[in-house]
Amino acid sequence: MNPASLVIVILNCRLPAPEGEIASGVVIIEDGVVAATGRDFLLALPPDAILIDAERGLVGMGKKDAEELGPIVIGAPADIVCRSRFGETVWAMEAGVIVAPGEGAHQAMIWKAWRERAIRRIMDILARREEHIEVTLVDSEASGEDIVWLFRDARDDVQRLTIRVVPSLLSEPRRIFFLDEASAGHLPEADVHSARAHWWFYLHAGDGACYCLPTRALQRWLRAHAADYPLTATLTPGAAQPLQGRAVPIDQLQAAILRMRVLLL
């Protein structure tokens with residue numbers, strides 16, 4: 001993953017402008033350059049963008065230590081700063097890569113936004129299913145879960161499932177990339193080995209599908225068979241350094257874990 005190649009959308013921000021501050025604006029960044037900016041109701045958002053919520057902060061052009069922030073300039077490198085309502089720098093980016101508050105800030109913020117987008121997408125898909133009753137977002141850091149889904153089964157009984165959502169860590173088609181236990185410590189939200197949710201959902205945007213696996217069955221299968229696949233290193237979203245893992249073909253998982261399901265995006 002090349003951080004500068006991402007399409008980033010900054011939402012819910014105040015924008016400095018010559019005619020006066022825009023109270024609710026949007027900034028779109030492509031390939032590290034400002035592609036568009038304006039009022040939020042005037043711009044169509046790219047479907048696969050990473051969304052960053054500025055939380056009503058002031059977003060303008062400048063370096064992180066600049067005294068004043070200028071209006072966003074279309075076509076300019078995305079040297080952008082977000083400041084809170086109290087004037088404190090929340091984050092800063094240079095050419096579309098977040099450089100503050102510190103080392104690893106870009107990876108951490110992009111991973112957070114990527115996961116939030118994936119979770120919301122799954123919630124929308126579940127809410128449209130015929131058996132759906134309620135879907136709720138939960139505190140994933142405290143519980144190791146992202147979603148609680150209530151639905152009616154074939155006997156009309158109410159069932160409750162907890163779900164962990166992981167965006168694809170590798171763009172290779174028809175494969176799921178599982179981090180090994182040592183690397184998973186650097187990206188705990190993607191750690192399948194210690195996941196506690198009932199189901200583990202791997203959203204593979206490149207395949208246009210979400211691969212849904214019962215967590216305990218998946219963990220048992222990995223303990224028995226993970227060593228059959230080569231351990232490789234790749235730069236994944238959310239990590240500053242390459243992490244090690246194993247790419248497992250979807251077909252082999254489907255043959256081994258009969259309860260596995262596929263949701264089309």
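Structure shown above.
Note that the structure is a prediction, hence the values are computed from the model and not measured.

About the criteria used
Residues numbered from 1 in each chain as written. Predicted model: local features only at pLDDT ≥ 70, side-chain atom pairs only at ≥ 80, totals over all residues. Heavy atoms only, no water. Helix = DSSP H or I, 4+ residues; strand = E, 2+ residues; numbered from the N terminus. Rg over C-alpha atoms; globule rule 2.2 N^0.38 Å. Buried < 20%, exposed > 50% of the residue type's maximum accessible area, 1.4 Å probe, protein only. Areas by Shrake-Rupley, 256 points an atom, 1.4 Å probe, with all protein chains shown as cover. Lys, Arg positive; Asp, Glu negative; His and termini not counted. Charge placed at Lys NZ, Arg CZ, Asp CG, Glu CD. Pairing = 2+ DSSP bridges. Axes fitted to C-alpha atoms, helices over the stretch in contact; angles between N-to-C directions. Contact = heavy atoms within 4.5 Å. Salt bridge = Lys/Arg side-chain N within 4 Å of Asp/Glu carboxyl O. Polar contact = N/O pair within 3.5 Å; in protein donor to acceptor, adjacent residues only side chain to side chain. Patch = residues over 30% accessible without salt bridge, like charges linked within 9 Å, V, L, I, M, F, W, Y side chains within 5 Å. Phe/Tyr/Trp six-rings, centres within 6.5 Å; stacked < 30°, edge-to-face > 60°.

Here we come to the overall build of the protein chain. Scanning the protein chain from terminus to terminus reveals five helices and 17 strands. A compact globule built from 265 residues should have a C-alpha radius of gyration of about 18 Å, and the protein chain, at 20 Å, falls within 12% of that. Structurally, the protein chain occupies a C-alpha span of about 60 × 45 × 30 Å along its principal axes. Taking all 265 residues of the protein chain together, the buried fraction comes to 46%. For the protein chain, the accessible area works out to roughly 13,500 Å², and carbon and sulfur atoms hold 50% of it. Between the centroid of the 27 positive side chains of the protein chain and the centroid of its 35 negative side chains there is a distance of 6 Å.

The mixed open sheet is built from six strands, whose spatial order is β9-β10-β11-β13-β14-β17. If you trace the sheet from one side to the other, it starts and ends with β9 (132-137) and β17 (261-264), each paired once. Sheet twist, expressed as the average angle between the axes of neighbouring strands with direction ignored, equals 25°. Sheet topology places strand β11 (residues 158-167) next to strand β13 (residues 199-204); five bridges connect them, and they run parallel. Residue pairing in the sheet places Arg164 in a bridge with Trp200 of β13. Strand contacts of helix α1 (residues 105-127): β9, β10 (147-152), β11, β13, β14 (209-214) and β17, with the helix running at about 145° to β11, the strand carrying the most contacts. Sheet contacts for helix α4 (residues 215-225): β13 and β14; angle to β14, the most-contacted strand, approximately 80°.

The next point concerns the side chain of Asp191. Checked against the element boundaries, Asp191 lands in the loop between α3 (181-184) and β13. Summary of buried charges: Asp191 has no salt-bridge partner, and the nearest side chain of opposite charge, Arg164, is 8.4 Å away. A distance of 2.9 Å separates a polar side-chain atom of Asp191 from the backbone nitrogen of His193. Discounting chain neighbours no more than four positions away, the residues touching Asp191 are Ala184 and Trp200.

Judged by side-chain charge, Arg216, Arg220, Arg223, Arg259 and Arg261 come together as a positively charged surface patch. For Arg216, the position within the fold is in helix α4.

Quick look at the packing of aromatic side chains now. Applying the stated criterion across every chain, the model contains four aromatic pairs. For the ring pair Trp221 and Tyr229, a centre distance of 6.0 Å and an interplane angle of 40° mean the geometry is tilted. Among the aromatic side chains, those forming a connected cluster through ring pairs are Phe178, Trp200 and Tyr202.

Further remarks concern the environment of Ile147. Structurally, Ile147 can be placed in strand β10. The exposure class assigned to Ile147 is buried, which follows from its relative accessible area of 0%. Separated by 27 residues in sequence, Ile147 and Arg120 place their C-alpha atoms 9.5 Å apart. Other than its neighbours up to four places away in sequence, Ile147 contacts Ile119, Ile122, Met123, Leu126, Val135, Thr136, Val138, Leu161, Thr162, Ile163 and Val165.

So, about the pairing of β14. For β14, the buried fraction is high: six of the six residues fall into the buried class. The two faces of β14 match: Ala209, Tyr211 and Leu213 on one face and Cys210, Cys212 and Pro214 on the other face are all buried. Examined bridge by bridge, β13 and β14 share six bridges and lie antiparallel to one another. Residue pairing across strands places Phe201 opposite Cys212, the latter belonging to β14. Connecting β13 to the antiparallel partner β14 that follows it, the hairpin turn spans four residues, and Gly208 within it adopts a positive phi of roughly 65°. Here β14 pairs with β17 via four bridges, running antiparallel. Within the sheet, the bridge partner assigned to Ala209 lies in β17 and is Leu264.

Now for unusual backbone geometry. The backbone of Asn12 sits at a positive phi, close to 55°, despite the residue not being glycine. By secondary structure assignment, the location of Asn12 is in strand β1 (residues 7-15). In this structure Asn12 comes out as partly exposed when scored by relative accessible area, which is 27%. Non-glycine residue Arg56 carries a positive phi angle of around 70°. Note that Arg56 resides in the loop between β4 (50-53) and β5 (58-61). Residue classification places Arg56 among the partly exposed residues on the basis of a relative accessible area of 33%.

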